[in-house]
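Residue-level listing of the chains:
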Amino acid sequence: MTATTPAIGQALDRFDGVEKVRGLAPYAFEHPVEHPAYLFAVQSTVAVGRITAIDCSQASAQPGVLAVLTYQNAPRLSTDDAELCILQSDDVAFRGQIVGGVIAETSEIARDAAGMVRVDYEERPHNLDLRGEVPGHRERLTVPDEVLPIFPMDTSQGDVDAALASAAVQVDQHYCTPWYTHNALEPHTTIACWTDDGLTLHLSTQAVTRIQAAVAGAFQLRPERVRVISPHVGGAFGSKVYPRADVVLAAMAARFVSGRPVKFALTRQQTFAQTGYRPPTFQRVRLGADSDGRLVAIEHDSIEQTSKVRQFAEHSTRATPSLYAAPNRRTQQWVAEVDVPTPTIMRAPGEASGMFALESAMDELAIACGLDPIELRIRNEPQVHPYFQLPFSSRNLVACLREGARRFGWEPRDPTPRARRDGGWLVGTGVAAATYPVLRLPGSKATIRVGPDGRYTVLIAAVDIGTGTRTALTQVAADALQVDIEQVDLRLGDSTYPPGAEEGASAGITSWGATMHAAADQLRQRLSTEHGGTVPADGLEVTADTPDNPYLKQYAMHSFGAQFAEVRVHERTGEIRVPRQLGVFACGRIVNPKTARSQLLGGMTWGLSMALHEQTVLDLRFGHVVNHDLAQYHISSNADVGAIEVHWIEEDDPYVNPMRTKGVGEIGIVGAAAAIANAVYHATGVRIRDLPITLDKLLPVNRPVPEVGG
């Protein structure tokens, strides 16, 4: 090993970029297999009930149909995860639940025959309306299980009610976010094949090791008899972390044609019931401040939905205890169990929805106090973590706000709503803070092999979901080994490699990179002590676990950022445009500026989509998602996105991990919707607290400016 120019910090092109542009990078469904069969799912058409009869005769009689799976002939499973336990009984828990599958020679035959499977149901009363659960029905709500011990669902300090009652300035408002559905560019796809060696899955996933363990358990196999291969993933952002019913169905189908691979891809419409979503939230934020705008109390409550199949908590109040100083504070979280599919992780789970409410309320407080929104946030900057009372390993929120204000041109801003016009357009600007915790996920190992030729092979069952992880992680490995990046061969995306934690929570580089550093340290030590610094003729190999971080109990670790937005609202039509967004972030050391900028820009674009476009519409009569395709589920397209500037603060944090990184995947979306909503208020004088912000909520925009708190 020799010292070399650091690889971290270099703006490298993605190593697989050329292959992807040329269409040569194989995704799950494209993996070449011989003589595959094809699978199509049959889904329930009732919200709740049980199957009373199934007629497969017409489907089975179609030329090319190989088998029809139902609960009557499906393999028995062994799993405690009710979401995976498909085709095991006649019960139906939600509309769109998989109740069968057709295996055929072609995908067209399978899809056509699936429509011929007749399923009769005994319907039962259902409850789909989260909004109906909120007022006056707290007895139906439950406090969810903790997601992680470091993020308690409920927190309380001081006497919040008394402090709010005596506060000179108060804000007490409700904020709502809708049901957001995952729509990854690459569909959820699986190729399953059983052989004498076990089960092989070519899969689009964020969690190779997690999938291997879940599938092995469900089919009562040793984990090594399940191989999961996922070299390239075309987007995921939470929807591909947990094992899902489609993977189990593909494995079941492959059992019926043993030795022959089965290909299965969910349609866009099917993903709305099968791949998870960000649940809708109903949030209440109460803020109390003295006459100088210093907070005396913060209260943040959130109610959201989960399924009756498996609990999931969005935890929208998670960021609130870490953001602003106040002697009295309380957060509370509830979930309502309704007859819907199970929600799941979506980019910045909790922070994305919760910070819309908190940062909108902070904007309302700034107006009530007669303060600039940036000044209000700076005045309430804590010296230590407000809840845990730990010092921050690094905290540069104020630096992000000030640098963002300088770059955005904030200072000449007239705070008066409707003060700025350009032709027929009302122009406004808004700001919001952003934060996301620094997390390290357990369960990774890394193997490093070095040969006498001086080349290093690094093996770990990590994944690249299209974010440039393959490139960035190679940069991390090169610096850990103190060699040139050309000497490193990184291999990932295969369960035959040492286990890897999932790609999620902005923790991939942190978790896998720290593990690689531990392996590199062991390799150096062995070369020095056992081989005099010379690589033996047959090479050397070491494997290391993720090391403990001794600073986790000494410091609070977070990324921070500031989001700015300019909006234009047409005075006559209510049409909304966002010509400019700017974000400044403090995310530790940046591994690859090129891919990091892409991540942050993508998050900000998603925040724009969250603010103005996205909303899953549920028909409460039948449990059916009405807008279940990209023709009707609106997302931000190129024409919706104006200029987006991404910047970051140089930050050196020696406590988070050996690379001094914090992660950039999640924080780009946090606060973006609030900045846009705040800008809409500044432009129009209309406060929108219920996303998305659509023109019907703004018309007529020439209404009088409401009083503060109205």
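The structure reproduced in this document is the subject of the present report. (Residues numbered from 1 in each chain as written. Predicted model: local features only at pLDDT ≥ 70, side-chain atom pairs only at ≥ 80, totals over all residues. Heavy atoms only, no water.)

## Here's the deal with the overall build of the chain
The secondary structure content of the chain amounts to 17 helices and 29 strands. Taken over the C-alpha trace, the chain has a radius of gyration of 26 Å; the compact-globule value for 710 residues is 27 Å, and the two agree within 12%. In terms of its C-alpha atoms, the chain occupies a principal-axis envelope of roughly 75 × 75 × 50 Å. The proportion of buried residues among the 710 residues of the chain is 60%. (Helix = DSSP H or I, 4+ residues; strand = E, 2+ residues; numbered from the N terminus. Rg over C-alpha atoms; globule rule 2.2 N^0.38 Å. Buried < 20%, exposed > 50% of the residue type's maximum accessible area, 1.4 Å probe, protein only.)

## Concerning unusual backbone geometry
A cis amide bond links Leu-691 with the next residue in sequence, Pro-692, at an omega value of 0 degrees. Along the chain, Pro-692 turns up in the loop between helix H16 (672-684) and helix H17 (695-698). Unusually for a residue other than glycine, His-315 sits at a positive phi of about 60 degrees. With respect to the helices, strands and loops of the structure, His-315 is situated in the loop between strand S17 (295-307) and helix H9 (320-323). For His-315, a relative accessible area of 3% translates into the label buried.

## Quick look at the packing of aromatic side chains
Inspection of every chain in the model, using the stated rule, returns 14 aromatic pairs. Between Trp-179 and Tyr-277 the ring centres are 4.0 Å apart and the planes differ by 15 degrees, which places this aromatic pair in the stacked class. With a gap of 98 residues between them, Trp-179 in the loop between strand S9 (169-177) and strand S10 (180-181) and Tyr-277 in strand S15 (residues 277-278) connect regions that are remote in the sequence. Here Trp-179 falls in the buried class, since its relative accessible area comes to 5%. Chaining the aromatic ring pairs together yields one cluster made of Phe-408, Trp-410 and Phe-564. Looking at Lys-263, its charged tip hangs above the ring of Phe-29, at a distance of 4.8 Å from the centre. (Phe/Tyr/Trp six-rings, centres within 6.5 Å; stacked < 30°, edge-to-face > 60°. Lys NZ or Arg CZ within 6 Å of the ring centre and 35° of its normal.)

## Regarding the sheet that holds strand S24 (residues 540-545)
Strand order in the open sheet formed by four strands is S23-S22-S21-S24, and the pairing between neighbours is mixed. Only two strands of the sheet have a single neighbouring strand rather than two, namely strand S23 (488-491) and S24. Averaged over all pairs of adjacent strands, the angle between their axes in this sheet comes to 15 degrees, without regard to strand direction. Pairing of strand S22 (residues 456-459) with S23, which is carried by four bridges, proceeds in the parallel orientation. By the bridge assignment for S23, Leu-459 is matched with Arg-491. Lying over the sheet, helix H13 (residues 469-481) contacts strand S21 (445-450), S22 and S23, oriented at roughly 130 degrees with respect to S23. Along the sheet face, helix H14 (residues 508-531) touches S21, S22, S23 and S24 and points at about 140 degrees away from the line of S24. (Pairing = 2+ DSSP bridges. Axes fitted to C-alpha atoms, helices over the stretch in contact; angles between N-to-C directions. Contact = heavy atoms within 4.5 Å.)

## Let's talk about the pairing of strand S1 (residues 37-43)
The two faces of a sheet get side chains in turn, since along a regular strand they alternate between them. Among the seven residues of S1, six are classified as buried, and the element is accordingly described as predominantly covered. Two strands pair when backbone bridges link them, and S1 and strand S5 (residues 98-104) are joined in this way by six bridges, in the antiparallel orientation. The residue of S5 that forms the bridge with Tyr-38 is Ala-104.

## Looking at the pattern of salt bridges
Tallied over the entire structure, the rule returns 47 salt bridges. Where Arg-310 meets Glu-83, a salt bridge forms, and the shortest distance between an N and an O atom there is 2.8 Å. Of this pair, Arg-310 sits in the loop between S17 and H9 while Glu-83 sits in the loop between strand S3 (65-69) and strand S4 (91-92); the two residues are 227 residues apart in sequence, bridging distant segments of the chain. Here Arg-310 matches Glu-83 in class, with each residue buried. Between Arg-568 and Glu-566 there is a salt bridge, and its shortest N-O distance comes to 3.7 Å. When its relative accessible area of 7% is taken as the criterion, Glu-566 is described as buried. (Salt bridge = Lys/Arg side-chain N within 4 Å of Asp/Glu carboxyl O.)

## Overview of the environment of Ile-649
With respect to the element layout, Ile-649 can be found in the loop between strand S29 (643-648) and H16. In the structure, Ile-649 is positioned 612 residues away from Ala-37 in sequence and 52 Å away in space, judged by C-alpha atoms. Beyond its immediate stretch of four places on either side in the chain, Ile-649 contacts Ala-399, Cys-400, Glu-403, Val-584, Phe-585 and Ala-586.

## Overview of helix H7 (residues 245-256)
Between its terminal C-alpha atoms H7 stretches 17 Å, which fits the 16 Å expected from twelve residues at 1.5 Å a residue. With ten of its twelve residues buried, H7 lies for the most part within the structure. (Expected span 1.5 Å × (residues − 1).)

## Quick word on the packing of helix H15 (residues 593-612) against H16
H16 packs onto H15 with a crossing angle of 50 degrees between their chain directions and a minimal axis gap of 7 Å. In terms of axis orientation, H15 runs oblique to H16. For the pair H15 and H16, the crossing hand works out as right-handed. Here Met-604, Gly-607, Leu-608, Met-610, Ala-611 and Leu-612 of H15 come into contact with H16, specifically with Ala-672, Ala-673 and Ile-676. Per-class residue counts for the contact of H15 with H16 are eight nonpolar, one polar and no charged. (Parallel < 35°, antiparallel > 145°, perpendicular 65-115°, else oblique. Left-handed = near helix turned anticlockwise from the far one by under 90°. Nonpolar A, V, L, I, M, F, W, Y, C, P; charged D, E, K, R; others polar.)

## Looking at the environment of Leu-695
Within the secondary structure, Leu-695 is located in helix H17. Counting along the chain gives 537 residues from Leu-695 to Gly-158, while the straight-line C-alpha distance between them is 42 Å. Apart from the residues lying within four places of it in its own chain, the contact partners of Leu-695 are Thr-573, Gly-574 and Glu-575.

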